[in-house]
Amino acid sequence: MGSGAGNLLKLIAQNFDILAGPVVSLAYPLYASVRAIETKSPVDDQQWLTYWVLYSMITLFELTFAKLIEWIPFWSYAKLIVTCWLVIPYFSGAAYVYEQYVRPFYNGKQTINIWYVPRKKDVFSKPDDILVAAEKYIQENGPDAFQEIIHRSDREVRYRGSSNIFGEDDHRF
């Protein structure tokens, strides 16, 4: 019986990546994602949504390059280490990848360029203002384009917080 337990431990040690992979990459993230849905915090939602996006990308990479990956002897261990880094809350790797790579890619310096700048015609005429500029923009681009600008602005204000509309390093006028 002693050799049977030793053989079992040897088998587990030899196949650790095969046994731990599904637990680390699927079971725990599934559990944590359900818990994140039940909380009101957007931080854990971001962590787990980002994890699932990255997990999908890794899976697509593996499916695409399966013939090449089978020649890399340490691939399963490298994948397990990266997955642990993405999953373990102490590291919050998925949130880090989102903040450093995904978010800047999608939220690059996007500016809304309304090329019509109202100008004062002369001293006796009514001065143009932002309402005139908005009306002209709606006439040229349609009300849907104007609504999209308003919604995008609202999302940015909500995301950055209401206390400071512009970021500390954002100097747009």
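Since this is a predicted model, take the numbers as computed values, not measurements. (Residues numbered from 1 in each chain as written. Predicted model: local features only at pLDDT ≥ 70, side-chain atom pairs only at ≥ 80, totals over all residues. Heavy atoms only, no water.)

Caption draft 1: Quick look at the overall build of the chain. Scanning the chain from terminus to terminus reveals 8 helices and 0 strands. Taken from the N to the C terminus, the helices and strands of the chain come in the order α-α-α-α-α-α-α-α. For the chain, buried positions account for 20% of its 173 residues. A sequence separation of at least 24 residues applies to 48% of the contacts in the chain between residues at least 6 apart. When the accessible surface of the chain is split by element, carbon and sulfur atoms take 65% of a total near 13900 Å². (Helix = DSSP H or I, 4+ residues; strand = E, 2+ residues; numbered from the N terminus. Buried < 20%, exposed > 50% of the residue type's maximum accessible area, 1.4 Å probe, protein only. Contact = heavy atoms within 4.5 Å. Areas by Shrake-Rupley, 256 points an atom, 1.4 Å probe, with all protein chains shown as cover.)

Caption draft 2: Geometry of the confidence of the model for the chain. Looking at the chain as a whole, the pLDDT averages 77, with 74% of positions reaching at least 70. Ranking the elements of the chain by mean pLDDT puts helix α1 (residues 2–14) last with 74 and helix α4 (residues 66–69) first with 92. When the criterion is pLDDT under 50, residues 162–168 qualifies, and its contacts beyond four places in sequence or with other chains add up to 6 contacts. (pLDDT = per-residue confidence, 0-100.)

Caption draft 3: Fine view of the environment of Leu 30. Of note, Leu 30 is situated in helix α2 (residues 16–38). As a C-alpha pair, Leu 30 and Trp 48 span 18 residues in sequence and 8.8 Å in three-dimensional space.

Caption draft 4: Local environment of the side chain of Thr 50. Tracing the backbone shows Thr 50 in helix α3 (residues 42–64). Here the side chain of Thr 50 touches Gln 46 through a polar contact of 2.6 Å, landing on its backbone oxygen. Discounting residues that sit within four places of it in the chain, Thr 50 has contacts with Ala 94 and Tyr 98. (Polar contact = N/O pair within 3.5 Å; in protein donor to acceptor, adjacent residues only side chain to side chain.)

Caption draft 5: Up close: the nonpolar core. Listed in full, the 11 residues of the largest apolar core are Ala 32, Ala 36, Trp 48, Tyr 51, Leu 54, Tyr 55, Ile 58, Leu 86, Val 87, Ala 94 and Val 97. Residue assignment for this core shows that the elements contributing at least two residues are α2, α3, α5 (75–87) and α6 (93–106). Looking at which element gives the most residues to this core, the answer is α3, with 5 residues. (Core = buried A, V, L, I, M, F, W, Y, C linked by side-chain atoms within 4.5 Å.)

Caption draft 6: Region of interest: the pattern of salt bridges. For the coordinates displayed, the defined rule picks out 2 salt bridges. Of the charged contacts in the structure, one is a salt bridge between Lys 79 and Glu 62, with a shortest N-O distance of 2.9 Å. Linking Lys 79 in helix α5 with Glu 62 in helix α3, this pair joins segments that are 17 residues apart in sequence. Taken individually, Lys 79 and Glu 62 each receive the classification buried, so the pair is uniform in this respect. (Salt bridge = Lys/Arg side-chain N within 4 Å of Asp/Glu carboxyl O.)

Caption draft 7: Up close: a nonpolar patch on the surface. A cluster of nonpolar side chains, contributed by Trp 85, Ile 88, Tyr 90, Phe 91, Tyr 96 and Tyr 101, occupies part of the molecular surface with about 710 Å² of accessible area. The class of Ile 88 is partly exposed, set by a relative accessible area of 33%. (Patch = residues over 30% accessible without salt bridge, like charges linked within 9 Å, V, L, I, M, F, W, Y side chains within 5 Å.)

Caption draft 8: Structural view of α5. Along its 13 residues, α5 runs 18 Å from first to last C-alpha, staying within 8% of the 18 Å computed at 1.5 Å per residue. Lys 79, Leu 80, Thr 83, Leu 86 and Val 87 are the residues of α5 that are buried. Buried residues of α5, seen end-on, are gathered within an arc of 125 degrees and therefore sit on one face of the element. (Expected span 1.5 Å × (residues − 1). Arc of directions from axis to C-beta.)

Caption draft 9: Here's a closer look at the packing of aromatic side chains. Taken as a whole, this structure holds 10 aromatic pairs when the rule is applied. Among the aromatic residues, those joined into a ring-pair cluster are Tyr 28, Tyr 31, Trp 48, Tyr 51, Trp 52 and Tyr 55. (Phe/Tyr/Trp six-rings, centres within 6.5 Å; stacked < 30°, edge-to-face > 60°.)

Caption draft 10: Just α6, in detail. In this model, α6 (14 residues) spans 19 Å end to end at C-alpha, consistent with the 20 Å of a helix rising 1.5 Å per residue. Buried residues along α6 sit in contact with α3 and α5.

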